[in-house]
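# Structure assessment
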Amino acid sequence: MKVTTFINTRLIKKTFLLLIVFSFFSLSAESENVFYCTSELATGFVKENNVWKTNDFELERWTIKFNSDYTKAEGLTAKPMNCQISYSFKPNMIFCVHDWGSHESLLFNKKDLRFELSISSSGGYIENSPNPDTSSFYAGRCQKF
């Protein structure tokens, strides 16, 4: 009788532990908002033969992951972007930027799932460096995973 009680107690403890672990994973999965985004427009500035001009860029795809309250976004750049709702009269518009010196900004509509991504280079048109870099702008739509 004691062996059976011991085995049942261990089984109950393991089952309880597994329930806690699975609950944690399901909560963390629900706390993220993941979108598959494709650009429909892509343009920017390039320097050819020492002359700056606008140019079409290749269309891109990203998987963007927001946290539950849309204050962080990952998937577009090397580090997460900080986000906020910029205007109280536009509660679906999320604006994201870096706070670590990069030059990317994202405008995302969480209702219509449209986005604009701006990538400005400090080595581009304004700097006029000997090895110029490009600045680009993308706009498109997303689908929720």
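In what follows, the structure referred to is the one given above.
No experiment lies behind these values; they were computed from the predicted model shown. (Residues numbered from 1 in each chain as written. Predicted model: local features only at pLDDT ≥ 70, side-chain atom pairs only at ≥ 80, totals over all residues. Heavy atoms only, no water.)

### Some thoughts on the environment of Cys37
The condition is simple: Only DSSP runs of H or I reaching four residues or more are called helices, and only runs of E reaching two or more are called strands; each is numbered from the N terminus. Only heavy atoms matter for contacts: two residues are in contact if any of them lie within 4.5 Å across the pair.
Positionally, Cys37 belongs in strand S1 (residues 32-48). Filtering out sequence-adjacent residues up to four positions away, Cys37 remains in contact with Glu60, Arg61, Trp62, Ile64, Phe115, Arg141 and Cys142.

### So, the pattern of salt bridges
Quick note on the threshold: Salt bridges are counted wherever a side-chain nitrogen of Lys or Arg sits within 4 Å of a carboxyl oxygen of Asp or Glu. Remark: exposure states derive from per-residue accessible area (1.4 Å probe, protein chains only) relative to the maximum for the residue type, with buried under 20%, exposed over 50%, and partly exposed in between.
Within the structure shown, the criterion is met by three salt bridges. Between Glu40 and Arg141 there is a salt bridge, and its shortest N-O distance comes to 3.3 Å. In this pair, Glu40 sits in strand S1 while Arg141 sits in strand S9 (residues 135-144), placing the two residues 101 residues apart along the sequence. On the basis of relative accessible area, Glu40 is assigned to the partly exposed category, the value being 43%. With a closest N to O distance of 3.1 Å, Lys53 and Glu48 form a salt bridge. Judged by its relative accessible area of 39%, Lys53 is partly exposed. With relative accessibility at 38%, the residue Glu48 sits in the partly exposed group.

### Considerations on the pairing of S1
The line we're drawing: The pairing criterion for strands is at least two bridges between them, as found by DSSP.
Of the pairings in the sheet, the one linking S1 to strand S3 (residues 61-67) comprises seven bridges and is antiparallel in character. Bridge assignment links Phe35 to a residue of S3, and that residue is Ile64. Of the pairings in the sheet, the one linking S1 to S9 comprises 10 bridges and is antiparallel in character. Within the sheet, the bridge partner assigned to Gly44 lies in S9 and is Ser136. Where S1 lies against strand S2 (residues 51-56), six bridges are found, and the strand directions are antiparallel. Bridge pairing in S2 places Val46 opposite Lys53.

### Considerations on the state of the cysteines
As a reminder of what qualifies: Disulfides are defined as cysteine sulfur pairs within 2.5 Å.
All told, the structure shown has two disulfides when counted by the stated rule. Between the sulfur of Cys37 and that of Cys142 lies a disulfide, 2.0 Å long from S to S. Taking the torsion about the S-S bond as the criterion, the Cys37 to Cys142 disulfide, at about 105°, is right-handed. One end of the pair, Cys37, is in strand S1; the other, Cys142, is in strand S9, and 105 residues separate them in sequence. For Cys37, a relative accessible area of 0% corresponds to the buried category. You can call Cys142 buried: its relative accessible area is 8%. Residue pairing for Cys83: its cysteine sulfur links by disulfide to Cys96, the two sulfurs lying 2.1 Å apart. As the torsion about the S-S bond is roughly 105°, the Cys83-Cys96 disulfide counts as right-handed.

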